[in-house]
Amino acid sequence: MTAVNFVYTPDQACIVTDSLISGPRPQYASKVLALPHIRSVIAFTGAFLVFADLAAVLLAADVRDADGLIERLPEMLRALRDRWGGAQLPPTSVYAFGIDAGDRVRVAAFPSETDFGPRTDWRPWVAYCTPLPAALTLAPARGTPAASHPADAPAPRSRPSWRDCVRTLTDAVEIQRRAHPASIGGRLIVTFLTADAIHQTVLREL
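What counts as what
Residues numbered from 1 in each chain as written. Predicted model: local features only at pLDDT ≥ 70, side-chain atom pairs only at ≥ 80, totals over all residues. Heavy atoms only, no water. Core = buried A, V, L, I, M, F, W, Y, C linked by side-chain atoms within 4.5 Å. Buried < 20%, exposed > 50% of the residue type's maximum accessible area, 1.4 Å probe, protein only. Helix = DSSP H or I, 4+ residues; strand = E, 2+ residues; numbered from the N terminus. Contact = heavy atoms within 4.5 Å. Salt bridge = Lys/Arg side-chain N within 4 Å of Asp/Glu carboxyl O.

Trainee: When you look at the nonpolar core in this model, what are you seeing that I'm missing?
Mentor: Counting residues in hydrophobic clusters, the biggest one holds 26 residues, and the most contacted among them are Ile 42, Leu 54, Leu 69, Leu 73, Leu 77 and Phe 110. Those elements giving two or more residues to this core turn out to be β5 (32-35), β6 (40-45), α1 (48-60), α2 (66-83), β7 (93-99) and β8 (105-111). For this core, the leading source of residues is α2, giving six residues. Ignoring sequence-local partners within four residues, the contact set of Leu 54 consists of Ile 42, Leu 73, Met 76, Leu 77, Leu 80 and Val 94.

Below, the structure is given as structure tokens:
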């Protein structure tokens, strides 16, 4: 289980993840891979072996941009699933965030439950949280973020800043951790993607 929470606009994406790899011997790792040469990042939930192997594949692949990454990921993930146990693997999803040729953010998810076919129906200014604490709430007009979390979570104020968005996503992690205490933990890591840069920082220990 992994907390992958994100919000994006046409020109910026913010991704918040935990860093615990659960198992017989818990360990810690980054769950977001930065790919600055193609102005993209990927995140995952599920089988860490698949994600680790995907990182090696991507670093050697002839992928030139975010559009190429999103196009190629399904075939890569299917091949890795077959290599690492096929149907025996836990449900696994990879999330791709990239900057396209027009300097706009693209978001796609590739869940194993749909044979890694891409899901691209994400909407700007919505706080998406996986594992999902509650139904998603579409943002009001003019771009006010709305959080996908239960009623007991702090709701964002009107017209929030990116600081407010990060707070919403990190508050959701605390809720997710209470629901999944054995599989969400470690350091809380935030990643910002823009057309010009990828920034990553550790916010705190969970």
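Trainee: Would you mind going over the pattern of salt bridges with me for this structure?
Mentor: Side-chain pairs of opposite charge can arise where the charged atoms are in close proximity. Counting across every chain of the model gives 13 salt bridges. In this structure, Arg 39 engages Asp 103 in a salt bridge whose closest nitrogen and oxygen atoms are separated by 2.8 Å. Placement of Arg 39 in the loop between β5 and β6 and of Asp 103 in the loop between β7 and β8 is noted, with a sequence separation of 64 residues between them. Residue classification places Asp 103 among the partly exposed positions, given a relative accessible area of 39%. Between Arg 64 and Asp 62 there is a salt bridge whose closest N-O contact spans 3.4 Å. For the pair formed by Arg 64 and Asp 62, the shared burial category is exposed. If you follow the salt bridges from partner to partner, you end up with Arg 78, Arg 81, Asp 82 and Asp 115 in one network.

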